[in-house]
Each structure stands twice: as structure tokens, then as C-alpha cells.
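# Structural features, examined
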Number of protein chains: 4
Amino acid sequence: MPLRVRYYEADQQAVVYHGWYLNYFDEAFMAWLESLDFGYGTMADVGVDVMLVHSEIDWHGSLRWPNDAEIAASLVAVGKSSITVDYAAVVDGTPMCSARTVYVTVDHKDFTRIPVPEPMRDALGHPAPLRRQRAGR
Amino acid sequence: MPLRVRYYEADQQAVVYHGWYLNYFDEAFMAWLESLDFGYGTMADVGVDVMLVHSEIDWHGSLRWPNDAEIAASLVAVGKSSITVDYAAVVDGTPMCSARTVYVTVDHKDFTRIPVPEPMRDALGHPAPLRRQRAGR
Amino acid sequence: MPLRVRYYEADQQAVVYHGWYLNYFDEAFMAWLESLDFGYGTMADVGVDVMLVHSEIDWHGSLRWPNDAEIAASLVAVGKSSITVDYAAVVDGTPMCSARTVYVTVDHKDFTRIPVPEPMRDALGHPAPLRRQRAGR
Amino acid sequence: MPLRVRYYEADQQAVVYHGWYLNYFDEAFMAWLESLDFGYGTMADVGVDVMLVHSEIDWHGSLRWPNDAEIAASLVAVGKSSITVDYAAVVDGTPMCSARTVYVTVDHKDFTRIPVPEPMRDALGHPAPLRRQRAGR
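Residues numbered from 1 in each chain as written. Chains lettered and ligands numbered in written order. Predicted model: local features only at pLDDT ≥ 70, side-chain atom pairs only at ≥ 80, totals over all residues. Heavy atoms only, no water.

### Re the relation of the copies chain B and chain A
Each copy of the sequence occupies a distinct position, and chain B is placed on chain A by a rotation of 180° and an axial shift of 0.0 Å, giving an RMSD of 0.0 Å. On the angle and the small slide along the axis, the relation comes out as a two-fold axis. Comparing contact sets, 100% of the residues at the interface of chain B also lie at the interface in chain A, consistent with an isologous, same-surface contact. (Least-squares fit on C-alpha atoms with pLDDT ≥ 70 in both. Contact = heavy atoms within 4.5 Å.)

Set out below in C-alpha cells:
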């Protein structure tokens, strides 16, 4: 997903304030689901929604305004009722921030946990993590 | 309402980015309604909600991080189905930003326009504008 | 400027929270200046920056997630040391929000007010307001 | 640090959008440093600033509007040039979100990495993690 840094996202250090990265990744998550033909409309049809339960984020550098960046999203794993996704924010080929995020699948009406629906599992395809597992984890 | 400027609200010019002021005023609006014993809980009980339809904002200076500021809110007028409120963001007695905002009252379920309910009209009390009307307006 | 509403910009009423519109218009302002070949890089070269001093916003409807909207920006007037710009947020041809915003031109180092530089004046071109003047204003 | 959830921080699911938590923790970090008499003013005097390099966040529940929450911050470790801090967002005694965040200390002018200054190390005091180390980590 191409990302254009917005002016107000940069702070007094002239770099993107760290809180915005989760927003970028969230936007990339939805764009990624749509690219898999399983966007929010389809999810609602199937009766599933997702809730974020865990995120690990590493900053190696900083996005700046007015950077044109790319946000990459890639599947790490599909569990019984969870989906793990890797993200990277890249500027000119250099990863500035990476994240691994775990979502749980929930009923889209009452938000109780439900298994990943089969059509969603099919759409998500095969894992291709962006981050290597670290030793001891 | 006392306001503590948050770090991420300041931009690269080291002043609060202008987009945050509407958020400050929104927060002050709710604090003000609560101070009148007509907070969001009461509004829901009465079946009324508000929608912002117009806002005029003037910046005379800038809030900075880590300013402790005050946000003032005061009634300008109650119409048939509208409420006009003045706001000011003040630092050390100096107004940095002022605004006049018009809300319309709507049914809290279907968002159709409804008259200002009598108990709300009573709670709002008498007008005490912060901004003087400008000539020719 | 095409705009894709981000998920977190919608509030509990399922419409875009009003505070985000100023951000959309700010982004459109910069995109518009770039389209005139007078983007922030050029402004810095010429030694000019802008500060927002006044904004009037009218909401006629609401953007929703995941709307694809358009933000229009158009010149209203260039004063001695000020620039007035009209904005409109449009979904499927329907204007949902419009604004008129006044910027003052300042020295990009010390933020003191300076006249609109001639090259900027030339780049801005001729006024084409989106909003009609209202009677009595 | 007491926290009052702001209206615009809640999303269409009527819970606080996950991206805001990093902002809450950032605000708590600064309030915590000030409570240790080592706020941003003192940091600037000593010539040190911090940059966030890693954050792990777990959501166990959700803040909602208009919750009154508490944000707890507590020291985990002080390394040669890093500081690790635990956070928890608590509503009515129930932790809804917890995080462990690693900052590196940098020169406040050129942002190169520097050791944690002795006065800062003294001010930070003794570790008191909020999160227990998980097995295998």
C-alpha cells in the first residue's frame, strides 16, 4: 500500500510520531484484505470481524513529512480463531518500522470469539512472514 | 475546562497543529454540558443528540507543548432546533484561539432534526457570548 | 485530491468525526500548492511559510468509512499578506462539507508576517471561489 | 495518571481505537518522568532525549467513551543506553491493555545514541515491572 505521510503526523522532532504507525498498519490491513477479495463488506456478509489483541513494533528509523512510503502486509499464520500479520513501513527500499500483529476473529454482532471462517482461511492463503522469528521466542 | 497539550499535538513548527482545536472544543462542549447537569447520559435519556453544522475559528496565537491551557465554553443562542456555543482556548490569560459553533439537535436514534427539548433548553440557561458580533454580520 | 476515509476517522455515530475535516483540507492545501508548482520545497526556497488564521466550516452531510471522497481546493483571494482558499469534501458528486480558510504569509524562519512573494502570487493564479458570498457578509 | 477518554477516540465498534493507546502511554511516560523530577525540561538541560525503538502491546479488553481510566507506568530496566518501561491502562481496577516499551537515550540535538546520564539513572530508581516475564521469552 502506498502511503503519503500527512503533515500533522510529524512531531516536533520532525519525524512521524510513533503513535501513527499503528494507524498506517491498520489501513494496510484493510487494503490487504481487499486485495485478497475479502474486504470488510465480505467479512460482514460472512458474519466475522477482527479484534487486535497483540502487536509488537520495532522502529529502525523514522518516516518524515513529506515522505512517500510503502506499507507492506503479509500473512504469518492462521490459527483456530486468530490471524497473525507482519507489517513493514518502507521508504526508498529501507524498512523504517516493522510490526507483528495478532488479531482474533469474532462474531461481527456480539464480538464473541469464533473460528476463522473457511472462506476467509482460503482467501488468506499461505504464510509469508516479513520478520524472521527471533531466537528464543 | 483545563487542558494539557499532548506532545503529539504539536507539529514541526513546534505549535499545536490547527486540526486539534476542534477536538479540544468538542471535549469542552461535553464537559460544559456535564457541568450543566445535562451530559450525554441525560441527553440519551431525553432522546436527543447533537450534530455540528457550522464552525468559525480564529487563531490569534498558538498553543505549544507542554502548555497548560484553559478551554472556555459559553452559550450564544438557543434556536428552535439549534444551539450556538462560543469557545476560547486561553493560555495564561491570553486567548490563542476562539470559535463559534452551531449544533443542530437531532433524534438520537435516527438523526432527524428535532426541536431542542425543553429540559435541555432550561439547562442551557442564558446566553453569554465570548465573541462580540462583528460589524456587518 | 482523492481521499480515502480511514477507519479510525469514523466515530460512534459511524460518520467521520468533524475534527478530521481540517486535516483533510490541510492535506488538500499542500496537494493543491504542489499542483501549482509551488509546493513546500519551493516555499522554503523563497523563504515563505503560511499560518492559518481563520476557517469557516459548514457541514451539509457526513463522510463515512469506507468512502472514497474528493477534496476540492480553489483560490478565493490573494491579499497583501494573506491567501484565502475554499475547500469542499465531495462524495459521489454531493458536497458534504465546505470551508473557507484564510492563511497569512510569514517568514519561514521567524514566523513574522511578510507580503505574499511575487512568484507565489503568480503561481496562485486567478480566484475561482467554490462558495458564493452570503448576503450580508 | 488519570485519563479521560475523548469522544473521538472511540470508533464504530464503540471502543477506543487501538492506535490511541500508544498516545496514552506516551502521555503517561512524560507524566511519570515529571513525577520523578526528571521531566522534559530537565532532560533538555542534561542534553538527553529519548526515542522509542520497541513496543509490545497486549489488549485484554477495551476502553470506552466516556471511561475514566488510569494509566500506570513503571520502570522495568535501565540499560547502558536504553530504558524499558511497562504500562497498563486500567478501568475500575481491570487492566484493559498493557505494554512494554523500550526507549534509547539520544543526544537531544543530533539524536545520536548516548548512555543514560547518571542523574537520569538516579531519578529513574529501581525496577518494578508491571508485566511478568513470560516463559520462553
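### Some points on the sheet that holds strand E2 (residues 48-59) of chain C
One open sheet holds the 10 strands; their spatial order is E1(B)-E3(B)-E4(B)-E5(B)-E2(B)-E2(C)-E5(C)-E4(C)-E3(C)-E1(C), and the pairing between them is antiparallel. Here the strands that pair on one side only, and so sit at the sheet edges, are strand E1 (2-4) of chain B together with strand E1 (2-4) of chain C. The mean angle between the axes of side-by-side strands here comes to 30°, regardless of whether they run parallel or antiparallel. Direction of pairing for strand E2 (residues 48-59) of chain B relative to E2(C): antiparallel, over a ladder of five bridges. Bridge pairing in E2(C) links Ser55(B) to Ile57(C). (Pairing = 2+ DSSP bridges. Helix = DSSP H or I, 4+ residues; strand = E, 2+ residues; numbered from the N terminus. Axes fitted to C-alpha atoms, helices over the stretch in contact; angles between N-to-C directions.)

### Some points on the interface of chain B and chain A
Between chain B and chain A, the contact holds 10 residues from the first and 10 residues from the second. Buried area between chain B and chain A, both sides added, is near 1,000 Å², and the carbon and sulfur share of it is 58%. At the junction of chain B with chain A, the criterion picks out zero salt bridges. Between the two partners, chain B and chain A, sit two residue pairs in polar contact (both at pLDDT 80 or more). Taken together, the residues of the side of chain B that touches chain A sort by class into seven nonpolar, two polar and one charged. (Buried area = accessible area lost by both parts, 1.4 Å probe. Salt bridge = Lys/Arg side-chain N within 4 Å of Asp/Glu carboxyl O. Polar contact = N/O pair within 3.5 Å; in protein donor to acceptor, adjacent residues only side chain to side chain. Nonpolar A, V, L, I, M, F, W, Y, C, P; charged D, E, K, R; others polar.)

### Some points on the pairing of strand E5 (residues 94-107) of chain B
As a general feature of sheets, a regular strand has side chains that alternate between the two faces. Residues and elements named next belong to chain B. Across the 14 residues of E5, 11 count as buried, placing the element largely inside the fold. Examined bridge by bridge, strand E4 (residues 82-91) and E5 share 10 bridges and lie antiparallel to one another. Bridge pairing links Tyr87 to Ala99 in E5. In sequence, E4 turns back onto E5 through a hairpin of two residues, with Asp92 there showing a positive phi of about 50°. (Buried < 20%, exposed > 50% of the residue type's maximum accessible area, 1.4 Å probe, protein only.)

### Some words on the interface of chain D and chain A
Chain D puts 23 residues into the contact, and the matching count from chain A is 23 residues. With both chains or domains summed, chain D and chain A bury close to 2,100 Å², and 50% of this area falls on carbon and sulfur atoms. The largest per-residue losses of area from chain D upon contact with chain A belong to Gln13(D), His18(D) and Trp59(D), which jointly make up 25% of the total buried on that side. On the surface where chain D and chain A come into contact, there are zero salt bridges. At the surface where chain D touches chain A, the tally comes to 12 residue pairs in polar contact (both at pLDDT 80 or more). Among the secondary structure elements, those contributing two or more residues to the side of chain D that touches chain A are helix H1 (20-35) and strand E2 (48-59) of chain D. Top element by residues in the side of chain D that touches chain A is E2(D). It accounts for 11 residues. When the residues that make up the side of chain D that touches chain A are grouped by side-chain class, the tally is nine nonpolar, eight polar and six charged.

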